[in-house]
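Working through the structure, step by step
Listed below are the residues making up each chain.
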Amino acid sequence: MPQRTRRKNLLEISNQPELWIFSNLLAEKWINENNLEEPVFERRVTMPFSLPSGSAIFKIESEGTQGDVISFSIAHSSEIYLIQLLDPAQFLKFKQTVLSAVETIYNENFNFFSYLKPYFLPKLREFGVMEVLGDTPIQDLADYGVKSRILQRISDPVQGYEVPQYWRVNRNLEALQNKELRNENRIFSLRSAICDRLAKHAVIESLRCAVITLKRYADLLDSMTSESKIEYSDEYLELADGLYQLGEFQDSAVFYSKCLSHSNFEHKEEEVRNKILAALKSSIEQLEPQEFLEYAIFAARVARGHEEN
């Protein structure tokens, strides 16, 4: 059986070396004790690829399906912009930072994506993002791919179901700060570790969504090009006839073979197909043994290429 060509699946995409280089960022310390003096942590991370112009992805993390949003990532162009809440008491400041970021990119983008519509739409509406976007639709990436199957080789410090637990620890530790002055350094150290993990998890999740988006665009491009594919079958026949008339029988045989293997000629009239077959037979009869062997190899390649397409 001939081996058919296929596009790389999502797991194979996750093995690309560029993504391995990106994973090195996760080995760095993003949030330390000094960052905890601010209510919100912001970081811009360069992706190992660029999203198509005019596209943006929103990825939120929350403290549970019924809880508040605690991080908001925007992936667009070649960048992920992370906004991570650190101080639970400063939710309003966090919300203002997020909405300002959404307003900044809104005029530059017209295709918006997120993941799992039944979950994110109420959250985005409650958070105020939909007021900024108005009637602009947000496409559900869950329709195009499964997020959990992507970037499995990148070590995620937090699993999705653990996010509420980590945030609860951060919230409890923050409440202890003013009461446990003797343990203040330890509390800051633990909080920085917790928030650092949450921030990295949010960025990894955004990158997973970006990979799905790229695959979606690739599928659309394949669909568009297949619909507008240029048919070269008539040109093959013209070349074959011209080469035959010039006495270039080996090359004419190759192009007659291309004609016969082309899908267009499957629907041609029988008279046309018979004419091509007769010309091919005539070309082959005039080949020397070595020329015939070379032609046979070419013809096999043509046939294989036809089957793979």
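Before reading on, note that the structure itself is shown above.
Now for a look at the structure at hand. (Residues numbered from 1 in each chain as written. Predicted model: local features only at pLDDT ≥ 70, side-chain atom pairs only at ≥ 80, totals over all residues. Heavy atoms only, no water.)

**Details of unusual backbone geometry**
In this structure, Ser77 takes a positive phi of about 55° despite not being glycine. Take Ser77: it is sitting in the loop between β3 (69-76) and β4 (79-85). Of note in this structure, Leu116 is not a glycine but carries a positive phi near 70°. Summarising the element assignment, Leu116 is placed in the loop between β5 (111-114) and α4 (117-127). (Helix = DSSP H or I, 4+ residues; strand = E, 2+ residues; numbered from the N terminus.)

**Let's talk about the sheet that holds strand β6 (residues 138-140)**
Backbone-to-backbone hydrogen bonds join strands into a sheet, with any given pair of strands oriented parallel or antiparallel. Strand order across the open sheet formed by six strands is β1-β4-β3-β2-β5-β6, with mixed pairing between neighbours. Whereas interior strands pair on both sides, the edge strands pair on one side only; in this sheet they are β1 (40-46) and β6. Direction aside, neighbouring strands of the sheet carry axes that sit 20° apart on average. Pairing of β3 with β4 involves six bridges; the strand directions are antiparallel. The residue bridging Ser73 from the neighbouring strand is Leu82, located in β4. In the packing of helix α3 (residues 91-106) onto the sheet, contacts are made with β1, β2 (55-62), β3, β4 and β5, and the angle to β3 comes to roughly 15°. (Pairing = 2+ DSSP bridges. Axes fitted to C-alpha atoms, helices over the stretch in contact; angles between N-to-C directions. Contact = heavy atoms within 4.5 Å.)

**Digging into the layout of surface pockets**
Each pocket or cavity is described by its volume, and for the second largest pocket that value is around 320 Å³. Along its surface, the second largest pocket is lined by 17 residues, and Lys59, Ile60, Glu61, Tyr119 and Gly160 are the ones closest to its centre. Every element with two or more residues in the lining of the second largest pocket is listed here: β2, α4 and α6 (163-176). Ranked by the residues each element gives to the lining of the second largest pocket, the list is headed by β2, at four residues. Grouping the constituent residues of the lining of the second largest pocket by class yields eight nonpolar, five polar and four charged. (1 Å grid on protein atoms, 1.4 Å probe; cavity = no way out; pocket = protein on both sides within 12 Å on 5 of 7 lines; lining within 4 Å. Points joined across faces, edges and corners; volume = space filled by probe spheres on them. Nonpolar A, V, L, I, M, F, W, Y, C, P; charged D, E, K, R; others polar.)

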